[in-house]
Amino acid sequence: MNAILVAGATGNVGRTVVAALHARGTPVRAFLRDEDAARRLLGPGTEFALGDFRDPASLARALRGVDAVFLTSADGPEKVAHETAVIGAAVAASVGRIVKLSSPHVLIGSDLVFWDWHGRIEQHLRASGVPAVCLRAGFLMSNLFSAADMISATGRIAAPAGDARIAMIDPLDVGACAAVTLTTDGHAGRTYRLTGPQAVSYHDVAAALSTATGRSVRYVDVSDEDARAGLSASGAPDWPAAALVTIKGAYDPDNLFHANQNIPPVPV
């Protein structure tokens, strides 16, 4: 097999995909901007393709001779442009497969920007004609690390999640699934919903953290207004703060279909 290109290779999921592909003996090429950071995060054995999503020439170079692409990028207003650029370049390079990391729900035109972004990218991917797989992964457990400083300083973990139960998943499991769909046949055209084995509330998270750390950790459900204010005070851009209220409104604590959304801890 020729190399598989991993876009977003230094992200929480991207680097687990790199590791899972190495474990399967598959050559890996990582598309990235910062080689020094990549060497720290990815270790030896990975070929680096330096470039930028906004640079068509660098995308063309990165895709030369690859069999498949794992597609993800940082969340933000440019996400659709970045990922559709990769898809277009993959078509031009006659890449045989794209595996896209997506969100549990996709809906073009949704007030929740994450759903809209992924909906538009998935639509573009289907129209491209490239055999593709969508991995609709739920809440990443690694997101809880963003609350580490808050927990250390205050003994609290705050989130606008109420009593909702969330089927959290380890990024390592997402990476393992991606490696399988990138390297084995029978997945083209499929969409897989990836969750953890059990839906848990933030009350459960706090209890587990209390046991693991040996100190009392308490969950605080914050209001929409406090969530917005906390994110703004932390220097977060406007779009995640605006999306937060919509995310909370999408929750139904008794409906596990809605229990896989990514509700990040917020600073208070």
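Thresholds, definitions, all that
Residues numbered from 1 in each chain as written. Predicted model: local features only at pLDDT ≥ 70, side-chain atom pairs only at ≥ 80, totals over all residues. Heavy atoms only, no water. Helix = DSSP H or I, 4+ residues; strand = E, 2+ residues; numbered from the N terminus. Contact = heavy atoms within 4.5 Å. Areas by Shrake-Rupley, 256 points an atom, 1.4 Å probe, with all protein chains shown as cover. Axes fitted to C-alpha atoms, helices over the stretch in contact; angles between N-to-C directions. Parallel < 35°, antiparallel > 145°, perpendicular 65-115°, else oblique. Nonpolar A, V, L, I, M, F, W, Y, C, P; charged D, E, K, R; others polar. Phe/Tyr/Trp six-rings, centres within 6.5 Å; stacked < 30°, edge-to-face > 60°. Buried < 20%, exposed > 50% of the residue type's maximum accessible area, 1.4 Å probe, protein only. Salt bridge = Lys/Arg side-chain N within 4 Å of Asp/Glu carboxyl O. pLDDT = per-residue confidence, 0-100.

The next subject is the overall build of the protein chain. The helix and strand tally for the protein chain stands at ten helices and nine strands. Pairs at least 24 residues apart make up 72% of the contacts formed inside the protein chain by residues separated by at least 6 positions. If you sum the accessible surface of the protein chain, you get close to 12200 Å²; carbon and sulfur atoms cover 53% of it.

So, about the packing of helix α4 (residues 79-92) against helix α5 (residues 113-128). Viewed as axis vectors pointing N to C, α4 and α5 meet at an angle of 10 degrees, and their least axial separation amounts to 9 Å. In this view, α4 runs roughly parallel relative to α5, as classed from their interaxial angle. On α5, the residues touching K79, V80, E83, T84, I87 and V91 of α4 are W117, H118, R120, I121, H124, L125 and S128. In the contact of α4 with α5, the residues fall into six nonpolar, four polar and three charged.

For the structure shown, the criterion picks out three aromatic pairs. Note on F31 and F53: the rings are 5.5 Å apart at their centroids and 70 degrees apart in plane angle, and the pair reads as edge-to-face. With F31 in strand β2 (residues 28-32) and F53 in the loop between β3 (47-50) and α3 (56-63), the pair connects residues that are 22 residues apart, well separated along the chain. Of the two residues, F31 and F53, both sit in the buried class. Note on F114 and W117: the rings are 5.7 Å apart at their centroids and 85 degrees apart in plane angle, and the pair reads as edge-to-face. One end of the pair, F114, and the other, W117, are both in helix α5, three residues apart, so they sit about a helical turn from each other. Accessibility assignment for this pair places F114 and W117 in one class, buried.

Per the stated rule, a full pass over the model turns up twelve salt bridges. E35 is the salt-bridge partner of R39, the closest N and O atoms lying 2.4 Å from each other. In this pair, R39 and E35 both sit in helix α2 (residues 35-42), four residues apart, roughly one turn of the helix. On the accessibility criterion, E35 (27% relative accessible area) is partly exposed. We note a salt bridge from K79 to D75, for which the minimum N-O separation is 3.4 Å. Note on D75: relative accessible area 42%, which makes it partly exposed. Where salt bridges share partners, they join D75, K79, E83 and K100 into one cluster.

Confidence in the prediction of the protein chain, expressed as mean pLDDT, is 86, and 85% of residues score 70 or more. Taken as a whole, residues 248-268 scores under 50 in pLDDT and shows 72 contacts with residues more than four places along the chain or in a different chain.

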